[in-house]
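# Reading the structure
So the chains spell out like this:
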Amino acid sequence: TIVCSCKGVTAGVLRDHIRGGRTDLGELKACSGAGTQCGSCVSLVKNMLDRELTAA
Ligand code: FES
């Protein structure tokens, strides 16, 4: 599943980054590229982050 279509970042890639310790939204954006172009996916990225942190 593509979360960020501008950068072609998938949910799986984001999950790997989060599990690898990128648990800050800004850091997650910076290292994955997601949300750094049009910004429309930022709420999705944040939701994923919140979900992963709650699930962990
Ligand atoms: Fe993620 Fe545009 S869809 S920055």
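Scroll up to find the structure this text is about.
Worth saying up front: this structure is predicted, and the values here are computed from it rather than measured. (Residues numbered from 1 in each chain as written. Predicted model: local features only at pLDDT ≥ 70, side-chain atom pairs only at ≥ 80, totals over all residues.)

## Quick look at the nonpolar core
Core analysis: the biggest nonpolar cluster contains ten residues, these being Val 3, Cys 4, Val 9, Leu 14, Ile 18, Leu 28, Ala 34, Cys 41, Val 45 and Leu 49. Taken together, the elements giving at least two residues each to this core come down to strand E1 (2-4), helix H1 (11-19) and helix H3 (42-55). When sequence neighbours within four positions are dropped, the list of residues in contact with Ala 34 reads Val 3, Cys 4, Lys 7, Val 9, Leu 14, Lys 29, Cys 41 and Val 45. (Core = buried A, V, L, I, M, F, W, Y, C linked by C-beta atoms within 7 Å. Buried ≥ 20, exposed ≤ 12 C-beta atoms within 10 Å, placed from the backbone. Helix = DSSP H or I, 4+ residues; strand = E, 2+ residues; numbered from the N terminus. Contact = placed C-beta atoms within 7 Å.)

## Some remarks on the environment of Arg 15
Relative to the helices and strands, Arg 15 resides in helix H1. Between the alpha carbons of Arg 15 and Cys 41 there is a distance of 15 Å; along the sequence they are 26 residues apart.

## A closer look at H1
Residues Leu 14, His 17 and Ile 18 constitute the buried set of H1. All buried residues of H1 fall inside an arc of 100 degrees around its axis, so they share one side. Seen from the buried face of H1, the exposed residues on the opposite side, beyond 90 degrees, are Gly 12, Asp 16 and Arg 19. Buried-residue contacts for H1 involve E1, strand E2 (9-10), helix H2 (25-32) and H3. Positioned one or two residues after H1, Gly 21 has a phi angle of 110 degrees, which is positive. (Arc of directions from axis to C-beta.)

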